[in-house]
Amino acid sequence: QVHLVESGGGSVQPGGSLRLVCVVSTATHFSYVGWFRQAPGKAREGVALISSLGGHKWSKPSLESRFAISLNDAKNTVYLQMNSLNTEDTGMYYCAAGRRFSVDPNDFVIWGQGTQVTVSS
């Protein structure tokens, strides 16, 4: 059975930082773990991806100067460090596991329950 459990969300003021954590518990190999987000009334979008060995990373170009994805393979944990947050970063953040590199949420087969990020003054 596969579990993805996110944590680390919360409420912060503009300019603040959060580190999201995704613990992956699975006996099945997944090639990529991704972070996605969904704002109210908007489609889910890819934020960052990392390969299972950490050698391949991708971040959404408009976010890559503020967001960084990393992997602790020994702990089966994927992190998303988010800095200089602004109100447009508000939304539900999900991690997901997939078998190939893709920014399309439909290509990811296993999802966590999500963690809420709220940026407001």
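To be clear, the structure that these remarks concern was listed above.
Residues numbered from 1 in each chain as written. Predicted model: local features only at pLDDT ≥ 70, side-chain atom pairs only at ≥ 80, totals over all residues. Heavy atoms only, no water.

Peer 1: Please explain unusual backbone geometry as it appears in this structure.
Peer 2: Trans peptide bonds make up the majority, and among non-glycine residues the majority have a negative phi. A positive phi is found at Ser84, a non-glycine position, where the angle reads about 45°. You can see Ser84 is positioned in the loop between β8 (77-82) and β9 (91-98). (Helix = DSSP H or I, 4+ residues; strand = E, 2+ residues; numbered from the N terminus.)

Peer 1: I tried to follow the packing of aromatic side chains on my own but got confused; where do I start?
Peer 2: Here the distance between the centres and the angle between the planes together describe a pair of aromatic rings. All told, the structure shown has four aromatic pairs when counted by the stated rule. Seen from their ring centres, Tyr32 and Phe101 are 5.7 Å apart, and the 65° between their planes marks the pair as edge-to-face. Separated by 69 residues along the polypeptide, Tyr32 in strand β4 (residues 32-38) and Phe101 in the loop between β9 and β10 (108-111) bring together distant segments of the chain. One aromatic cluster is present, formed by Phe36, Tyr94, Phe108 and Trp111 through successive ring pairs. Over the ring of Tyr94 we find Arg44, and its NZ or CZ is 3.9 Å from the ring centre. (Phe/Tyr/Trp six-rings, centres within 6.5 Å; stacked < 30°, edge-to-face > 60°. Lys NZ or Arg CZ within 6 Å of the ring centre and 35° of its normal.)

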